[in-house]
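# Secondary and tertiary structure notes
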Amino acid sequence: MKTKLFVAFALLLLAGGALWWWLAGGKRLPDYIPARSKAVVRFSAAAFARSEMPRLIAEATGLPALSATEGDAYFFVTPNEYFGAALTLRDASAFVAAMPPCVTATEEGGARWFWTEAGWLAALRGSTLLVLGPATAQERDRLAHTLRVMLDAPASEGFACSPRATSLPADAPVALLASPSVLPAPYGTLLRLGLPDTKADIAATIALADTALVVSGAAIGAAQALPALPDARPAHLLQATLRADGPELLKRMRSDGTLRLMLTALSDSTSAAADIRRLCGTASLLVTAIDTAGAPTFLLTGRDKDGRPVTLRSRHAPTVAPSSAALPDGLSAYAAVRIDQLLAAPLPEGVSPLLRALLGGYSRATLATTPGGAFRFTLTR
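For clarity, every value in this text was computed on a predicted model and none was experimentally measured.

### As for the overall build of the protein chain
Scanning the protein chain from N- to C-terminus turns up 12 helices and 17 strands. Within the protein chain, buried positions represent 49% of all 381 residues. Carbon and sulfur atoms make up 59% of the accessible area of the protein chain, which totals about 18500 Å².

### Regarding the nonpolar core
Residues Phe 43, Phe 75, Leu 129, Leu 249, Ile 276 and Leu 300 are the most contacted members of the largest nonpolar core, which totals 77 residues. Aside from chain neighbours lying at most four places away, what touches Leu 129 is Leu 66, Ala 85, Ala 86, Leu 87, Leu 89, Phe 95, Ala 122, Ala 123 and Leu 124. Residues Ile 33, Phe 76, Tyr 82 and Ala 144 belong to the second largest nonpolar core, which totals 27 residues.

### Digging into empty space enclosed by the protein
Throughout the structure, instances matching the rule amount to one cavity of 30 Å³ or more. What lines the largest cavity is Leu 193, Leu 242, Leu 249, Met 253, Leu 259, Met 262, Leu 285 and Leu 300. When contributions to the lining of the largest cavity are tallied by element, the ones reaching two or more residues are helix 8 (246-255) and helix 9 (257-264). Among the residues making up the lining of the largest cavity, the classes are represented as eight nonpolar, no polar and no charged.

### Thoughts on helix 8
When we look at burial in helix 8, the residues that qualify are Gly 246, Leu 249, Leu 250, Arg 252 and Met 253. Looking straight down helix 8, one finds that the buried residues subtend no more than 165 degrees of arc, so they occupy a single side. What points out from helix 8, more than 90 degrees from its buried face, is the exposed set Pro 247 and Ser 255.

### Comments concerning the packing of aromatic side chains
Remark: the centre distance and the inter-plane angle together describe each pair of aromatic rings, the angle taken between the planes. All told, the structure shown has four aromatic pairs when counted by the stated rule. Here Phe 48 and Phe 75 contribute two aromatic rings whose centre-to-centre distance is 6.1 Å and whose plane-to-plane angle is 35 degrees, an arrangement assigned as tilted. You can see Phe 48 sitting in helix 3 (residues 45-50) and its partner Phe 75 sitting in strand 2 (residues 69-77), a full 27 residues away along the chain. In this pair, the class of Phe 48 matches that of Phe 75, namely buried. Among the aromatic side chains, those forming a connected cluster through ring pairs are Phe 43, Phe 48 and Phe 75. Of note, Arg 148 hangs over the ring of Trp 113, and the distance from its end group to the ring centre comes to 5.5 Å. Over the ring of Tyr 362 we find Arg 381, and its NZ or CZ is 4.5 Å from the ring centre.

### What about the environment of Glu 81?
With respect to the secondary-structure elements, Glu 81 resides in the loop between strand 2 and strand 3 (83-89). The exposure class assigned to Glu 81 is partly exposed, which follows from its relative accessible area of 46%. Taking C-alpha positions, Glu 81 is 9.1 Å from Gly 133, a pair spaced 52 residues apart along the chain. Filtering out sequence-adjacent residues up to four positions away, Glu 81 remains in contact with Lys 38 and Val 182.

### Quick word on the pattern of salt bridges
For the structure shown, the criterion picks out 15 salt bridges. Between Arg 55 and Glu 52 there is a salt bridge whose closest N-O contact spans 2.5 Å. Classification of Glu 52 by relative accessible area gives partly exposed; the value is 38%. Close ionic contact of Asp 306 with Lys 305 constitutes a salt bridge, the shortest N to O distance being 3.7 Å. By relative accessible area, Asp 306 is classed as exposed at 52%. Judged by its relative accessible area of 69%, Lys 305 is exposed.

### What about the confidence of the model for the protein chain?
Counting all residues, the mean pLDDT for the protein chain is 80, and 83% of those residues have values of 70 or more. When the elements of the protein chain are averaged for pLDDT, helix 1 (residues 2-23) gives the smallest value, 36, and strand 6 (residues 121-125) the largest, 95. This model gives residues 1-25 a pLDDT under 50, and the stretch forms 11 contacts once residues within four places in sequence are excluded.

### Observations regarding the pairing of strand 14 (residues 309-313)
Side chains of strand 14 alternate between two faces, with Val 310 and Leu 312 buried and Pro 309, Thr 311 and Arg 313 left unburied. Pairing between strand 13 (residues 296-303) and strand 14: five bridges, direction antiparallel. Looking at the pairing, Gly 302 lines up with Val 310 of strand 14. Here strand 13 folds back onto strand 14, and the loop between the two strands holds five residues, one of which, Gly 307, carries a positive phi near 85 degrees.

Scoring rules and cut-offs
- Residues numbered from 1 in each chain as written.
- Predicted model: local features only at pLDDT ≥ 70, side-chain atom pairs only at ≥ 80, totals over all residues.
- Heavy atoms only, no water.
- Helix = DSSP H or I, 4+ residues; strand = E, 2+ residues; numbered from the N terminus.
- Buried < 20%, exposed > 50% of the residue type's maximum accessible area, 1.4 Å probe, protein only.
- Areas by Shrake-Rupley, 256 points an atom, 1.4 Å probe, with all protein chains shown as cover.
- Core = buried A, V, L, I, M, F, W, Y, C linked by side-chain atoms within 4.5 Å.
- Contact = heavy atoms within 4.5 Å.
- 1 Å grid on protein atoms, 1.4 Å probe; cavity = no way out; pocket = protein on both sides within 12 Å on 5 of 7 lines; lining within 4 Å.
- Points joined across faces, edges and corners; volume = space filled by probe spheres on them.
- Nonpolar A, V, L, I, M, F, W, Y, C, P; charged D, E, K, R; others polar.
- Arc of directions from axis to C-beta.
- Phe/Tyr/Trp six-rings, centres within 6.5 Å; stacked < 30°, edge-to-face > 60°.
- Lys NZ or Arg CZ within 6 Å of the ring centre and 35° of its normal.
- Salt bridge = Lys/Arg side-chain N within 4 Å of Asp/Glu carboxyl O.
- pLDDT = per-residue confidence, 0-100.
- Pairing = 2+ DSSP bridges.

In structure tokens:
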């Protein structure tokens, strides 16, 4: 009788263990990523090894270098807008042994936890490493809660099982799926200005080369053809030409946090709104500086339906006029950014280290969009 009870109890434990493995263990990396993540980037193993991402992650987070990994690597933005990474370590013990002394290490819930001085929290369970941040010390519990949910939720609640996962390009070394609303300024702002006003995600492939990084894609369901683009070498922080009539341009400016700062930088926002509504055809934008609040010093020019000039200047606006070069046929927006001037601006404390790590090796960026919803973003060394 005791033997039968023991066998029954052992079988119950095995069944419980199998159920736990099915619900929370044995998951693939994309199963850990929240299904409603606002952005997901996948690096193939070869692309990750060739890229500078292992070094950049270590510099930004304060964790040991992540060069010894296996399989695809994933980077994402959570629904509560933290940056995240999901990787499989080849040698978890070596990673732990290389942890800097300044990192706070604990163990809980079958995982090892690491809190870095840069405001990043990592959870290591087996060979799976999840990283979230940046955050203040007061947000540490919020990060920990998000990571616990990611670790323990069933695979069916992860990104890989969501309908959106099918839109992430599967045949590219580096692929991106994102909501335009989460892409950071100035690129996200310009993308939201130039693309059709849609709530659809964008899907893109990312090509890494010695001298450039090119992100090419489109809103889900849109055509992806772009015309030949000029080789812009901007003289100022940002120069852009936009094909948009005034009412639509004003609507988009009011819906974007960065662009709303442009409106508040004008001495009279009511008359400025009326002037923006008068714009017809194309408008040219020149930004020469960004202050500590993120408000730009800018000049916006164009013409009304009768061909009369329309000019809007922020306080301390530049005296130089923006380029009036016509947009290439087939484009709705074309912008060029001086990265050195962008990184020299007083960026928010939480954003500055990440942007410096990601963009520090590049000198300029260009962004082109089409009315049909396609875009190309290029970083050039």
